[in-house]
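# Per-entry structural report
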Amino acid sequence: MKGFIKKARKLAKPFRVTDDSFRLKDIDPGDTLDFTAEDKPRAKEALAMGVSVLAELQNMLYAQDQWAVLLIFQAMDAAGKDGVIKHVMSGVNPQGCQVYSFKAPSEEELDHDFMWRCIKRLPERGRIGIFNRSYYEETLVVRVHREFLEKEKLPPELVTKDIWEERFQDIRHIERYLTRNGVVIRKFFLHVSKEEQKKRFLERIEEPEKHWKFSADDIKEREYWDDYMEAYEDMIQNTATKHAPWYVVPADNKWFTRVVVAAAVIEALASLDLHYPEVSKEKLKELAAAKKALLAGK
């Protein structure tokens, strides 16, 4: 396992962002590092091994019951968030994993602060929590579509030109607080190109089994592509920290995206020095007595 973890750390490192020096243009959505299209079988094999390693680490996380892990996924439509979650977490015990998908806020959620609906879904100790979209939507879609901000019922004097910087500050403080309380945070932006998104939208229209995935709203949102890219870059620059880093993962090749995400999650879990709980001498005696009784019985 140690050798695989070392490889995972090396694979994820180029896409890890921890400060405000990040520029979106520095990450090519089609990048696959030293992998080529011919290496897809090798990448799939690496993913399978990663899933196996991740399952073992998750078992120790659950048994130790000290740390919680929060994985946040953000992306433009059709970037492959659902597929990444499905494939990377395929070997994890469902009892130790909690997945929440955040859509448009309800009336109840709009009557609370912007973090409320996500905070109440944070993972328990020993578990991996996955947010498919998150409180970061409040600095993305709400920023691009200011009419959504108007629905949040904020006092007018609080909606200033500094509101996005204030939200970034609030998020940084909350993530620092969570980290200090044993919640390991890793954030993923699946960086898909506009051309690849168009290709995937056309597949959803042309292939009957994918019709259910398509929404006319997706096409409307493409008109705001540049606004979203600017918002994503600003968001990552202002919220990437060493304790809660972003991973900006190339998403034009799904097979590569999944391997990188798996590598980053494995690296995060491996950094915790997880182990199965050691039992007391009294517990060992109890186990020995139970074994003796079972062997002596019919």
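Description of the structure in this document. (Residues numbered from 1 in each chain as written. Predicted model: local features only at pLDDT ≥ 70, side-chain atom pairs only at ≥ 80, totals over all residues. Heavy atoms only, no water.)

With that settled, consider the environment of R258. Tracing the backbone shows R258 in helix 12 (residues 254–270). Sequence separation of R258 and G80 is 178 residues, and the distance between their C-alpha atoms is 9.2 Å. In this structure R258 touches L47, G83, V84, H87 and V88, once residues within four positions along its chain are discounted. (Helix = DSSP H or I, 4+ residues; strand = E, 2+ residues; numbered from the N terminus. Contact = heavy atoms within 4.5 Å.)

Strand order in the open sheet formed by six strands is 1-6-5-2-4-3, and the pairing between neighbours is mixed. Of all the strands in the sheet, just strand 1 (16–17) and strand 3 (97–101) have a single pairing partner and so form its edges. Note: strand 2 (residues 68–75) against strand 4 (residues 128–132), five bridges, orientation parallel. By the bridge assignment for strand 4, F73 is matched with N132. Its contacts with the sheet place helix 8 (residues 163–180) against strand 2 and strand 5 (183–191), and it is angled at close to 135° to strand 5. (Pairing = 2+ DSSP bridges. Axes fitted to C-alpha atoms, helices over the stretch in contact; angles between N-to-C directions.)

Here the focus is the environment of V265. Turning to its location among the elements, V265 is positioned in helix 12. The class for V265 is buried, based on a relative accessible area of 1%. A C-alpha to C-alpha distance of 7.8 Å links V265 and L54, two positions 211 residues apart in sequence. With residues near it in sequence (within four places) discarded, V265 still touches L54, L71 and F188. (Buried < 20%, exposed > 50% of the residue type's maximum accessible area, 1.4 Å probe, protein only.)

To continue, consider the packing of aromatic side chains. Inspection of every chain in the model, using the stated rule, returns 11 aromatic pairs. On the numbers, 4.2 Å between centres and 20° between planes, the contact of F189 with Y232 is stacked. Linking F189 in strand 5 with Y232 in helix 11 (residues 225–239), this pair joins segments that are 43 residues apart in sequence. An identical accessibility class is assigned to F189 and Y232; each is buried. Through successive ring pairs, a cluster of aromatic residues spans F15, F35, W255 and F256. The ring of F114 carries R167 above its face, with NZ or CZ at 4.6 Å from the centroid. (Phe/Tyr/Trp six-rings, centres within 6.5 Å; stacked < 30°, edge-to-face > 60°. Lys NZ or Arg CZ within 6 Å of the ring centre and 35° of its normal.)

These figures capture arrangement, not role.
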